[in-house]
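Spelled out, the chains give:
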Amino acid sequence: MAMEKKQQLQCYRAAPKPTFRFAKHWAVLLISIFPILNTGLALDYGDALKKSLLYFESQRSGRLPYNQRVTWRHHSGLTDGLEQGVDLVGGYYDAGDHVKFGLPMAFTVTMLSWTVIEFQHQIAVAGELEHALEAIKWGTDYFIKAHTSPNVLWAEVGDGDTDHYCWQRPEDMTTSRQAYRIDENNPGSDLAGETAAAMAAASIVFKKTNPHYSHLLLHHAQQLFEFGDKYRGKYDENMGVVKSYYASVSGYKDELLWGALWLYKATDNEKYLEYVINNAHCFGGTGWAMAEFSWDVKYAGLQIMAAKLLVEEKHKEHGDTLEQYRSKAEHYLCSCLDKNNGTNVNRTPGGLLHIRQWNNMQYVSTAAFLLTVYSDFLLNSNQKLKCHGGSVDHEEILGFAKSQVDYILGSNPMNMSYLVGYGPKYPARVHHRGASIVSYRENKGFIGCTQGYDNWYGREEPNPNVLVGALVGGPDYQDNFTDQRSNYMQTEACTYNTAPLVGVFAKLLQMEGQKSHDNHNQPLVASY
């Protein structure tokens, strides 16, 4: 029996303990000065883009559609919500297990939507826009179901503790599918705020192609924001089952500001902007200068969105507050670029940003996204980023973002692509139940709760199914990576790791195409 393994694993996804980093009183982050290794790899950003969107199909819960491309997956979770009398079929599994956690799922959808808003043209030119829209809609369809009344949002299906006792394919699940909710008596402003942000951002995405759906999303987003703002509280304090997995360490104020700003972008209604301005100080929007952006801590993303409002004439009356947001946004960017005074993000000897040991790549992918977005903003507004270490132009910022993406794709000391399925060498033993067990389509024989541990978990062989497009946790602070299923800190992948990269891949693909076009048009020069 694999009882010992199971006991070790049942808590394996506890949230990283020390997550919140405040500006003025942080421990000083030392930084290595080694550059990214240049291995001369020819990187195919178009292939990375296609594969990144394929990953979300591997993570689907519910009844799979006729055009499902990941054929080793099948229907799962078809009775979700049945015990509670609500239809909660659908949505995404966040990682290698089968709990549907609302907060990281909503953040994933917000980031997918933001990436399409910023880089829709590039994604469309690459032929991947339809797949990007499908990935977003798979999440928002679920949120519509989960928001059963104005002040009720179903927050989670399943629970981590019982789920981690078993190693099964999602198609064979025998673990608890109990559903948990937030409501007036059990508030969760962080979850309501993030889900509002996801639906507001998605409403922008679908505004032209599906206006009725866009309007429906906006209606839900507005109700959720009002609910989260009126009944304030942290969702993990009122729903203890999530505490060990996705605790809201940063609290709910960042999500309320974040949700309000997305609603302003979606509606152009001044009341949402006034919320962001009036609560800027007391909610920490202009107080906290961060060095990370994640499913938990939204400040850096919020601050960058607010900073971009400064160039519009209609926002001049809020110029002072927006400048404070911009100052904190630039602290984040300068920290990533190693150009702050003493509060820079660590880097590995190979040049990768390193925030913490557990699933570090989530912070790398969000940093690459925010740097790319701000680079475009500076280019379009003819500005430079001002850091303690000097001013930085848009090209240098984008160049650093590219270096992080190139590291992910294989330009690193291990010569390993951390995007599964991309390149000649990538993690073959991803910590993922469905990928590590023979496909249901190949073998429909039931695999029990402990049978997966006994027969599949400990195998030395590569996973029978390749989790294409998944971004795993990645290497440690010394660039070392051990490709073992049990090494979940490094080999587990999450939806919110990959989501921010979709647009960045498309942007880099466009750049490569432009460079190729420019080279092609160079006049021929005789050589002697």
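Now for a description of the structure that goes with this document. (Residues numbered from 1 in each chain as written. Predicted model: local features only at pLDDT ≥ 70, side-chain atom pairs only at ≥ 80, totals over all residues. Heavy atoms only, no water.)

## Concerning helix H11 (residues 299-308)
Among the 10 residues that make up H11, 10 are buried, leaving the element largely enclosed by the rest of the structure. The set of residues buried in H11 consists of Tyr 299, Ala 300, Gly 301, Leu 302, Gln 303, Ile 304, Met 305, Ala 306, Ala 307 and Lys 308. Elements that come into contact with the buried residues of H11 comprise helix H3 (102-125), helix H9 (253-267), helix H12 (319-336) and helix H13 (361-381). (Buried < 20%, exposed > 50% of the residue type's maximum accessible area, 1.4 Å probe, protein only. Helix = DSSP H or I, 4+ residues; strand = E, 2+ residues; numbered from the N terminus. Contact = heavy atoms within 4.5 Å.)

## Section: the environment of Asp 268
Along the polypeptide, Asp 268 turns up in the loop between H9 and helix H10 (270-278). Classification of Asp 268 as partly exposed rests on a relative accessible area of 47%. For Asp 268, the contacting residues outside a window of four places in its chain are Leu 263 and Lys 314.

## Here we look at the state of the cysteines
As used here, a disulfide is simply a covalent bond connecting the sulfur atoms of two cysteines. Evaluated as defined, the whole model comprises two disulfides. Here Cys 334 connects covalently by a disulfide to Cys 387, the sulfurs 1.9 Å from one another. With the S-S dihedral at roughly -80°, the linkage between Cys 334 and Cys 387 falls on the left-handed side. Taken together, the residues Cys 334 in helix H12 and Cys 387 in strand E6 (residues 385-387) connect sequence positions 53 residues apart. The pair formed by Cys 334 and Cys 387 is uniform in burial state, with each residue classed as buried. For the protein chain, the bonded cysteines connect in the pattern 1-4, 2-3 when numbered consecutively along the sequence. (Disulfide = S-S within 2.5 Å.)

## Observations concerning the packing of aromatic side chains
Inspection of every chain in the model, using the stated rule, returns 26 aromatic pairs. Between the aromatic rings of Phe 56 and Tyr 92, the centroid separation amounts to 6.1 Å while the plane-to-plane angle is 70°, which identifies the pairing as edge-to-face. Taken as a pair, Phe 56 in helix H2 (residues 45-58) and Tyr 92 in the loop between H2 and strand E1 (100-101) lie far apart in primary sequence, 36 residues in all. Classification of Tyr 92 as buried rests on a relative accessible area of 2%. Each ring, one from Tyr 246 and one from Trp 295, has its centre 4.8 Å from the other, and the planes form 85°; the classification is edge-to-face. Pair noted here: Tyr 246 is in the loop between helix H8 (235-238) and H9 and Trp 295 is in the loop between H10 and H11, with a separation of 49 residues, a long-range link. Across this residue pair, the class does not change: Tyr 246 and Trp 295 are buried. Among the aromatic residues, those joined into a cluster by ring pairs are Phe 107, Trp 114, Phe 119, Trp 258, Trp 262, Phe 293 and Phe 369. Residue placement shows Arg 60 over the ring face of Trp 138; its charged tip is 4.5 Å from the ring centre. If you follow Arg 459 out to its NZ or CZ, it ends over the ring of Trp 456, 4.0 Å from the centre. (Phe/Tyr/Trp six-rings, centres within 6.5 Å; stacked < 30°, edge-to-face > 60°. Lys NZ or Arg CZ within 6 Å of the ring centre and 35° of its normal.)

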